[in-house]
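Structural description and commentary
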Amino acid sequence: MDNYIDFQNVTFAYLNEDEEQSSAKNVIENFNLKIKKGDFVAVLGHNGCGKSTVAKLCNAIEIPQKGKVYVDGLDTSDGDKLYDIRQKVGMVFQNPDNQIVATIVEDDVAFGPENLGIEPKEIRKRVDEALKSVSMYDFRFFEPHKLSGGQKQRVAIAGIIAMKPECIVLDESTAMLDPRGRKEVMNTVKMLNEEFGITIIFITHYMDEAVKANRVIVMENGKIVLDGTPKKVFGEVDILKKAGLDVPEATELSLELKKSGVGLPDNILSMEELFKALESLI
Ligand SMILES: Nc1ncnc2c1ncn2[C@@H]1O[C@H](COP(=O)(O)OP(=O)(O)OP(=O)(O)O)[C@@H](O)[C@H]1O
Ligand SMILES: [Mg+2]
């Protein structure tokens, strides 16, 4: 399957029970998005532009009123496919405390596969593997509330991995973390993508995280306004600013330096790149 996630002309509105579709405001309209298997896609956009709605449409938490969303070829509006879709696409949310249900780390990771009805021996194996893959195996007997935010979020990710998803959607999963926790989660997600080929959809407000993706999508008012490699997207400073976003710190700084006559190349995305470019000028 070439396109793992496939939004085809999707229109979606949050309807009140008594509300007619015609009176509700569409959050997204005629929305098209295709994501290839194994890709790492960052989604950026100002508050309320529809990022979380797109995330929820990816694993059938919400169903479009018009158009279709396909996950690995399965139609999310087909109730018979719900179980398969939820197993294929795991979601990690913002607040780690809301995602942890058990009082011991390894029990928490086992919760998802238990609900899938997987046999105990296999669960044991999956829990150990999942905890190792997020570097939390040594904490398996800990109480989750004693962990840092980044550690809790990695336990939440392990809980998802134990269900063997093909795709993980992270909806601002680093937003409540300190810089160290953010880095831990980002490195974990990057490894899951590169080593296990898990498709990643990474919603974030942090530009320095988005530059680590293969593809960056910028949304504004329910529409995609930029879509491409980080280099391409962060070169579009005017469109980004109009969408209420910043460019990465290093990009901003290098643009300022260029304005004052320093001969730097275009589209610098990280401080390392900036230092290297400056070094070569000296
Ligand atoms: N459950 C809901 N019921 C009604 N309206 C909703 C609901 N959830 C979101 N909305 C509205 O839909 C629009 C898109 O919201 P969404 O949560 O998808 O945006 P977002 O880009 O994730 O924002 P944020 O950056 O704040 O998380 C907003 O106008 C929001 O107020
Ligand atoms: Mg959101």
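Computed from a predicted model, the values in this text were never measured in an experiment. (Residues numbered from 1 in each chain as written. Chains lettered and ligands numbered in written order. Predicted model: local features only at pLDDT ≥ 70, side-chain atom pairs only at ≥ 80, totals over all residues.)

1. Description of unusual backbone geometry
Even without a glycine there, the phi angle at E172 is positive, about 55 degrees. Following the sequence through the fold, E172 ends up in the loop between β7 (167–171) and α7 (179–196). Phi is positive for N267, close to 55 degrees, though the residue is something other than glycine. In this structure, N267 sits in the loop between α11 (249–259) and α12 (271–281). The class for N267 is partly exposed, based on 18 C-beta atoms found within 10 Å. (Helix = DSSP H or I, 4+ residues; strand = E, 2+ residues; numbered from the N terminus. Buried ≥ 20, exposed ≤ 12 C-beta atoms within 10 Å, placed from the backbone.)

2. Comments concerning α11
Because the α-helix completes a turn every 3.6 residues, residues three or four places apart line up on one side. All buried positions along α11 are accounted for by A250, T251 and S254. Buried residues of α11, viewed axially, fall in a sector of 100 degrees; they line one side. Counted as exposed and oriented over 90 degrees from the buried face of α11: E256 and K259. Contacts made by the buried residues of α11 are with α12. (Arc of directions from axis to C-beta. Contact = placed C-beta atoms within 7 Å.)

3. Quick look at the domain arrangement of the protein chain
Structurally, the protein chain comprises domain 1 (3–247) and domain 2 (248–282). Computed over C-alpha atoms, the centres of domain 1 and domain 2 are 32 Å apart. Every contact between the two is made by ten residues of domain 1 and, on the other side, nine residues of domain 2. Of all the secondary-structure elements, those providing two or more residues to the side of domain 1 that touches domain 2 are α8 (207–210) and α9 (230–233). (Domains from an automatic or database assignment.)

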